[in-house]
Amino acid sequence: MCRYDSGTKDVQNLQSHQVHETMIKTAKSACDSDRQSKKKKVKTSHGSTQDTQGQKADVKGQAARKDACSPGPERSSESSHTMQNRAQKEAKSTYSDSHSFQQDLMKTASAEGEKSDVDLYRGEEEIQKELQDKQQPKSAAVGETQSSVSAAEDLQTYSEREWKGNTTKSLLIRKGYEAIASEFNLRKVRGDNYCALRAVLFQVLSQSKQLPAWLHDSDISKWPKEMHSDQDFITEWQFPFETSKSKVQHLEQCLELLTNKWQEAVQSKSLEERERMCQQVFRGHDEEYELLEALKFLMLRTAVQLHSDMEKGSDVPEFCWLLFARDSSKCPKTFLTNHLRHVGFSGGLEQVEMCLLGYSLQETIRVVRLYKCDTEEFITYYPNDHKNASPLCLLTEDDRHYNVLVPKKFPKFDAYGRPKWNPPSDGQSSITTRL
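Procedures and definitions
- Residues numbered from 1 in each chain as written.
- Predicted model: local features only at pLDDT ≥ 70, side-chain atom pairs only at ≥ 80, totals over all residues.
- Heavy atoms only, no water.
- Helix = DSSP H or I, 4+ residues; strand = E, 2+ residues; numbered from the N terminus.
- Buried < 20%, exposed > 50% of the residue type's maximum accessible area, 1.4 Å probe, protein only.
- Contact = heavy atoms within 4.5 Å.
- Areas by Shrake-Rupley, 256 points an atom, 1.4 Å probe, with all protein chains shown as cover.
- 1 Å grid on protein atoms, 1.4 Å probe; cavity = no way out; pocket = protein on both sides within 12 Å on 5 of 7 lines; lining within 4 Å.
- Points joined across faces, edges and corners; volume = space filled by probe spheres on them.
- Nonpolar A, V, L, I, M, F, W, Y, C, P; charged D, E, K, R; others polar.
- Phe/Tyr/Trp six-rings, centres within 6.5 Å; stacked < 30°, edge-to-face > 60°.
- Lys NZ or Arg CZ within 6 Å of the ring centre and 35° of its normal.
- Salt bridge = Lys/Arg side-chain N within 4 Å of Asp/Glu carboxyl O.
- Pairing = 2+ DSSP bridges.
- Axes fitted to C-alpha atoms, helices over the stretch in contact; angles between N-to-C directions.

Q: Just to check I follow, could you spell out the overall build of the chain for this structure?
A: Of regular secondary structure, the chain possesses 16 helices and six strands. Looking at the chain residue by residue over its 435 residues, the buried ones come to 38%. Long-range pairs, those at least 24 residues apart, make up 73% of the contacts in the chain between residues at least 6 apart in sequence. Carbon together with sulfur atoms contributes 49% to the accessible area of the chain, which is approximately 25,000 Å² in total.

Q: Would you mind showing me how to read the layout of surface pockets here?
A: Regions of empty space are outlined by a rolling probe, equal in size to a water molecule, passed over the atoms. For the second largest pocket, the calculated volume is near 1,000 Å³. Gln203, Ser206, Gln207, Ser208 and Lys209 are, among the 32 residues lining the second largest pocket, the residues nearest its centre. Considered class by class, the residues forming the lining of the second largest pocket number 18 nonpolar, eight polar and six charged.

Q: Explain the packing of aromatic side chains here, please?
A: Any aromatic ring pair is given by two values, namely how distant the centres are and how the planes are angled relative to each other. For the coordinates displayed, the defined rule picks out nine aromatic pairs. Here Tyr158 and Tyr177 contribute two aromatic rings whose centre-to-centre distance is 6.0 Å and whose plane-to-plane angle is 70 degrees, an arrangement assigned as edge-to-face. Residue Tyr158 is found in helix H6 (residues 155-162), and its partner Tyr177 is found in helix H7 (residues 168-180); the two are separated by 19 residues along the sequence. You can call Tyr158 buried: its relative accessible area is 8%. Clustering of aromatic rings is evident, with ring pairs tying together Tyr194, Tyr289 and Phe345. Arg301 extends its terminal NZ or CZ atom over the ring of Trp223, reaching a point 3.6 Å from the ring centre.

Q: Could you clarify how one ought to interpret the pattern of salt bridges in this entry?
A: Any two side chains of opposite charge can pair, on the condition that their charged atoms come close. Applying the stated criterion across every chain, the model contains 17 salt bridges. A salt bridge links Arg187 to Glu275, with the shortest nitrogen-to-oxygen separation between them at 3.0 Å. Of this pair, Arg187 sits in strand S2 (residues 184-187) while Glu275 sits in helix H12 (residues 271-281), placing them 88 residues apart in sequence. Overall, the relative accessible area of 10% leaves Arg187 in the buried class. Its relative accessible area of 26% is what places Glu275 among the partly exposed residues. We note a salt bridge from Lys330 to Asp327, for which the minimum N-O separation is 3.5 Å. With relative accessibility at 45%, the residue Lys330 sits in the partly exposed group. Put simply, Glu153, Arg161 and Glu162 are held in one network by salt bridges that share partners.

Q: It is not clear to me how the sheet that holds strand S4 (residues 379-382) should be interpreted in this structure. Could you clarify?
A: The strand order S1-S2-S6-S5-S3-S4 describes an open sheet built from six strands, whose pairing is mixed. Each end of this open sheet is capped by a strand with a single partner; those strands are strand S1 (153-154) and S4. Summarising the sheet, S1 and S2 pair through two bridges and their orientation is antiparallel. By the bridge assignment for S2, Glu153 is matched with Leu186. Contacts from helix H8 (residues 195-207) reach S2, strand S3 (365-369), strand S5 (392-396) and strand S6 (402-407), with the element oriented near 150 degrees to S5.

So, in structure tokens, the structure goes:
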């Protein structure tokens, strides 16, 4: 209601001003009416053959009415009282109209205030839910509205709600959801250009049972200074928030935070404790974005190492040749300038960069690509060597936005360490181990 205080005061001032003007106009109207009546009667008296006494009576009546309309001590108290009653009645009518106008204005302003926060590109159900949340106590809505990763929901229900059409694409996407609905639930991830990094980080913190070797044996907070000394890459780094520290110092802080949160996740004694920790991390605050920037730095450091191995003729993963075969990323410097530094700002991760992310974390990222349903690329691994028997599970509808898949029960694996998926509706298997 605070946003309407200024408008309420303006209406009240207008209301008072209107009452004052009404009283003045009422008095003037009465005077003007008597003056017009006087002029008519004077003309009649000059043009008629009435006797002098009739004319005198008219003149006296006109004088009395003139006194009633004229301000001053000689005004008739009876006429003045009549005039005031008339003015008060009209003022009350004006006040009633003004009060009604004020209420209408307040209702309109309130409705417009609610509509001003509505995103026209969201579904009607989402909009209605947000408006209902605003009417609830503030403490009840904070956790949900600030969360970057939503609570798990039934995947089939989500599919039916989001893909209601009968177009070729809608039917294909729903078919893909149907193929995995019995195995997984879905967690929606905030839809910005950090979504792939955020989905992977959430899976890491919610599933890791031990620290990776590179994190356990190394003081990774020293890596930014070492890279800055060897190759001047850090000067081009950009953060999504302001900081008074140097870029090297801030990256050191980001990596130290990643180490602490990963250790906290591994040391969690129960799934409930781990879930609480994740809820505290994924709230859209600076801490969350520092962790995401730490992942980007790990990708840059890995790219530098892999490119050095390529120049030496050492064996490197297959995706390295694709990563540095692009005209825009011939070397780690151009990879940072043209690609990595823009992730989270104006673009997300490409497929080959998803391979680099998984390799940097020593994890396998398994992605269900719904728009590739009925093809051998329906399920893709990043990188594609499948070293990790328990890969991180993500889902995408378009290779741009990524959500998190949560197993309903412990998945069953085949002899190659791959999960046994439910086939799509037509009975065709859609499993691939290729990029």
